[in-house]
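One-letter residues, chain by chain:
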Amino acid sequence: MASSQVNAETPSNGANKKQILLNGFDMFTVGHLSFGQWRNPKDRAKDKRRDLSYWTDLAKLLEKGGFTSLFLADTFGPYDTYKGSAEPAIRTGSQFPMADPVIPVSAMAAVTKRLGFAITTSTSYEQPYVVAKRFSTLDHLTKGRFGWNIVTSWKESASRAIGLPYVEHDKRYEIADEYLRVLYKLWEGSWSNTALVEDAENGVYTDYAQIRTIHHQGAKFRVDAPHIVDPSPQRTPVLFQAGTSPAGIKFGGTHAEGIFVSALSPHILAPRVKAIRAAAAEAGRDPDSVKVFAMITPIIGADADDAKRKYGDALKYVLIEGGLAQFSASTGIDISKFELDHELTPDDISVIARVHSAVGNLQYRGNDVPKLTPRNLGIVSAIGGMGAMPVGTASEVADILEEWVDIADIDGFNLGYVITPGSFEDAVNYLVPELRRRGRYPTESPAAEEDDDPTTLREQIYGKGQVHLRADHPGFRYKYDTYEDAIAKEQQSTVGKNN
């Protein structure tokens, strides 16, 4: 397991520094957020759908580097806003084709002992009972190293692909709140801790009397069944979320244990993080229990010249229209309709409720971010998406990470890649040792390889022993022994809202 103790070689002034958590950030597609890099012979993105060893090799690499988890994004439908067509996105491989991130998780878990896995699944396209079964299964097979990035899905092309009506932004979060409460009932309240008997002598596998049938009759969802899977190690997987709209922040402050954010500057993120922590406090939770991870795509070299060379390679292979297709879809701005040097503002966003992180980027004026014109966006959005992309040595990149942590009050980063696995190898070989030297990164326990006591993903985030939801989390009240009280309060709350 990873230890939170600082190595003896760490300078004494690093002992009290805030530890930085790192997640690998990937997607089951050829072009995640660095578009066109599949053309680089060193890049293995094309192998993702064809060779399971891509995923198992990546998992072993991230575990070697002490990463907390591998976070896999997902989406449905193509990007079709830029030029009014999906053609640019499909032609450049901009998150198309897209395979299912659930599939490789079990294989990666089989070759690792500590690395966690978090996948994206929408609350808009599947019934909660189906997701409850799938995620309990994954939490079992990963020995409690599983997490869920909760999204509500903003793409109209996704709704058309699934064949469901597009739902307005804030209404999606209202539905997602009920969705989560259904899942808490199934994961936390359906089975007692002693319901699984496995008594071979008396022929009793499960004690029927200790399994509760969940009766949920809500505004959107209906469930009349017990959870079909016995309790997994964490019961509820670690809950992540990525929305920073007012509705998204309220939802995340209520339900999320980790929140994924993106911006071009830490000064853009700082007020958002403050709002997230305030929302958590308003929901009766410890604000610091919500861990915030910023997206970043560092280009790290053995020295400054090596970093510049790698950046030059990225420019050589970039397909700018891939980035513009993704940016246009996420903001509702068809970039092709503007002059190359027109500086974009929030007033240019036609669908303000798509991806709210874009609004902050367009509002911000600072020396650390170039003017967001279509010309500049061609590079900014096509290499690393709309997150930071520092270029330099491990020391220089570590300086920037520390700056983000100190300015924005974040807890860690989702590390994206330019080429894979090369960018991740650079993070493991160069950045991780530098962060450890500074006392900013957990060191490996000497007994880690011999430790047979599984460490869950939640424990990696909160510390050893915190296997299940914290007591201040809303899902905690639905536990088997306190379930009836929780339902009574839920019904009282519903009556109060209707009066």
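Nothing here was measured: the structure is a model prediction, and the numbers come from that model.

## Some remarks on the packing of helix 4 (residues 128–141) against helix 6 (residues 169–189)
Remark: helix 4 packs on helix 6, axes separated minimally by 10 Å, with the N-to-C direction vectors making an angle of 50 degrees. Put simply, helix 4 runs oblique to helix 6. Handedness of the crossing formed by helix 4 with helix 6: right-handed. On helix 6, the residues touching Pro128, Tyr129, Val131, Ala132, Phe135 and Ser136 of helix 4 are Tyr179, Val182, Leu183, Leu186 and Trp187.

## Digging into the sheet that holds strand 4 (residues 146–151)
Taken in spatial order, the 8 strands of this closed barrel run 1-2-3-4-9-10-11-14, and their pairing is parallel. With strand direction ignored, the average angle separating the axes of adjacent strands in the sheet is 30 degrees. Note: strand 4 against strand 9 (residues 238–241), 4 bridges, orientation parallel. Across the sheet, Ile150 pairs through a bridge with Gln241, a residue of strand 9. Contacting strand 1 (21–27) and strand 14 (412–415), helix 14 (residues 422–437) runs over the sheet at an angle of about 170 degrees to strand 1.

## Topic: the environment of Leu33
Within the element layout of this structure, Leu33 appears in the loop between strand 1 and helix 1 (53–64). Spatially, the C-alpha atom of Leu33 lies 46 Å from that of Asp485, the residues being 452 residues apart in sequence. With near-sequence residues (within four places) excluded, Leu33 lies in contact with Phe25, Gln95, Met295, Gln326, Ser381, Ala382, Ile383, Gly384 and Gly385.

## Digging into unusual backbone geometry
For the peptide bond that leads from Phe96 to Pro97, omega is 0 degrees, which places it in the cis range. Structurally, the position occupied by Pro97 is in the loop between helix 2 (87–92) and helix 3 (105–110). In the Ramachandran plot, Gln95 falls in the positive-phi region, its phi being about 55 degrees despite a non-glycine side chain. Inspection of the secondary structure puts Gln95 in the loop between helix 2 and helix 3. Residue classification places Gln95 among the buried positions, given a relative accessible area of 5%. Backbone geometry places Arg235, a non-glycine residue, at a positive phi of 60 degrees. Along the chain, Arg235 turns up in the loop between strand 8 (222–225) and strand 9.

## Here's the deal with the pattern of salt bridges
As enumerated under the stated definition, the model contains 33 salt bridges in all. A salt bridge links Asp409 to Arg277, with the nearest nitrogen and oxygen atoms 2.8 Å apart. Of this pair, Asp409 sits in the loop between helix 13 (394–408) and strand 14 while Arg277 sits in helix 8 (residues 266–282), and the two are 132 residues apart along the sequence. The exposure class assigned to Asp409 is partly exposed, which follows from its relative accessible area of 33%. What makes Arg277 buried here is its relative accessible area of 7%. Here Lys310 and Asp306 are joined by a salt bridge, their closest N and O atoms 3.3 Å apart. With Lys310 and Asp306 both in helix 9 (residues 304–317), this residue pair falls 4 residues apart, about one helical turn. Of the two residues, Lys310 and Asp306, neither departs from the other in class, the shared state being buried.

Reading the values: rules and limits
- Residues numbered from 1 in each chain as written.
- Predicted model: local features only at pLDDT ≥ 70, side-chain atom pairs only at ≥ 80, totals over all residues.
- Heavy atoms only, no water.
- Axes fitted to C-alpha atoms, helices over the stretch in contact; angles between N-to-C directions.
- Helix = DSSP H or I, 4+ residues; strand = E, 2+ residues; numbered from the N terminus.
- Parallel < 35°, antiparallel > 145°, perpendicular 65-115°, else oblique.
- Left-handed = near helix turned anticlockwise from the far one by under 90°.
- Contact = heavy atoms within 4.5 Å.
- Pairing = 2+ DSSP bridges.
- Buried < 20%, exposed > 50% of the residue type's maximum accessible area, 1.4 Å probe, protein only.
- Salt bridge = Lys/Arg side-chain N within 4 Å of Asp/Glu carboxyl O.

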